[in-house]
Amino acid sequence: MTATITLFNNQAHRDQVIALWESVFGHETAHNRPAPAIDKKLAVEDGLFFVAIIGNKVIGTIMAGYDGHRGWIYSVAVHAEYRKQGVGSQLVAHAERALTERGCMKINLQIVAGNEAVATFYASLGYAVEPRVSMGRRIQANIPSHDL
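Everything in this summary refers to the structure shown in the same document. (Residues numbered from 1 in each chain as written. Predicted model: local features only at pLDDT ≥ 70, side-chain atom pairs only at ≥ 80, totals over all residues. Heavy atoms only, no water.)

### So, the layout of surface pockets
Part 1 of the argument: Size it by volume and the second largest pocket reaches roughly 160 Å³.
Part 2 of the argument: As for the second largest pocket, its lining consists of K41, V44, D46, M63, A64, G65, Y66 and Y74.
Part 3 of the argument: Among the secondary structure elements, those contributing two or more residues to the lining of the second largest pocket are α2 (34–44) and β3 (57–66).
Part 4 of the argument: Tallied by class, the residues present in the lining of the second largest pocket amount to five nonpolar, one polar and two charged. (1 Å grid on protein atoms, 1.4 Å probe; cavity = no way out; pocket = protein on both sides within 12 Å on 5 of 7 lines; lining within 4 Å. Points joined across faces, edges and corners; volume = space filled by probe spheres on them. Helix = DSSP H or I, 4+ residues; strand = E, 2+ residues; numbered from the N terminus. Nonpolar A, V, L, I, M, F, W, Y, C, P; charged D, E, K, R; others polar.)

### Observations regarding the pattern of salt bridges
Part 1 of the argument: Applying the stated criterion across every chain, the model contains four salt bridges.
Part 2 of the argument: For the salt bridge of D39 with R14, the shortest nitrogen-to-oxygen distance reads 2.9 Å. With D39 in helix α2 and R14 in helix α1 (residues 10–24), this residue pair connects regions lying 25 residues apart in the sequence.
Part 3 of the argument: With a relative accessible area of 18%, R14 lands in the buried category.
Part 4 of the argument: Between E81 and K57 there is a salt bridge, with its nearest N and O atoms 3.9 Å apart. Here the residue E81 occupies a position in the loop between β4 (71–78) and α3 (87–101), and K57 occupies one in strand β3, the gap between them amounting to 24 residues. (Salt bridge = Lys/Arg side-chain N within 4 Å of Asp/Glu carboxyl O. Buried < 20%, exposed > 50% of the residue type's maximum accessible area, 1.4 Å probe, protein only.)

### Considering the packing of aromatic side chains
The description of an aromatic ring pair rests on the distance of the ring centres and on the angle between the ring planes.
Part 1 of the argument: Counting across every chain of the model gives six aromatic pairs.
Part 2 of the argument: Seen in terms of ring centroids, F121 and Y122 are 5.0 Å apart; in terms of plane orientation they differ by 65°. Their pairing is edge-to-face.
Part 3 of the argument: Through pairs of rings, three or more aromatic residues link up here, namely F8, W21, F25 and F49. (Phe/Tyr/Trp six-rings, centres within 6.5 Å; stacked < 30°, edge-to-face > 60°.)

### What about the packing of α1 against α2?
Part 1 of the argument: Here α1 crosses α2 at 135°, and the two axes come no closer than 9 Å. With respect to α2, the axis of α1 lies oblique. In this structure, the crossing between α1 and α2 has a hand that is right-handed. Facing α1, whose interface residues are N10, R14, V17, I18, W21 and E22, α2 presents P34, A35, A37, I38, D39 and L42.
Part 2 of the argument: The class makeup of the residues in the contact of α1 with α2 is eight nonpolar, one polar and three charged. (Axes fitted to C-alpha atoms, helices over the stretch in contact; angles between N-to-C directions. Parallel < 35°, antiparallel > 145°, perpendicular 65-115°, else oblique. Left-handed = near helix turned anticlockwise from the far one by under 90°. Contact = heavy atoms within 4.5 Å.)

### Focus on the nonpolar core
Part 1 of the argument: One finds A52, I62, I73, V87 and L91 to be the most contacted residues of the largest nonpolar core, which totals 22 residues.
Part 2 of the argument: Counting residues per element, the ones that place at least two in this core are β2 (49–54), β3, β4 and α3.
Part 3 of the argument: No other element matches the six residues that α3 contributes to this core.
Part 4 of the argument: The residues touching L91, leaving out its near neighbours within four places in the chain, are I5, V51, A52, G60, T61, I62, A77 and V78.
Part 5 of the argument: Listed in part, the 13 residues of the second largest apolar core include A35, I38, V51 and I53. (Core = buried A, V, L, I, M, F, W, Y, C linked by side-chain atoms within 4.5 Å.)

From the geometry alone we can't say anything about function, so treat these as descriptive.
Put into structure tokens, the structure is as follows:
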């Protein structure tokens, strides 16, 4: 089954994306809650937030980022009913094309350690583990302290 990949539309897709992300990711920490993550992405206005739809149903998502040097892939999610049907691969290929069109030379992504199914998926698309240490720092002043 082939889904249509389109730009995220806040009015048409927001509630479905929030529900999908909550079911796929769980988002245990405040900085990863779907509503503020969507709002922050939309504020950037980079045209790199896509959804996979069948009819009017959002069945998948992907966000990408590009800083002029490297590209990043985030928030790849596929509804459980549509997994292993090529939707995730279709989303990644779409984001890769969008990043390539912007001049991106390398695309990075991060996955949670131990998530072998996801690692296998990305390896099948040509991604490889690199000898890097991923470090992060939360900027508490920018993280909403209340549920949205």
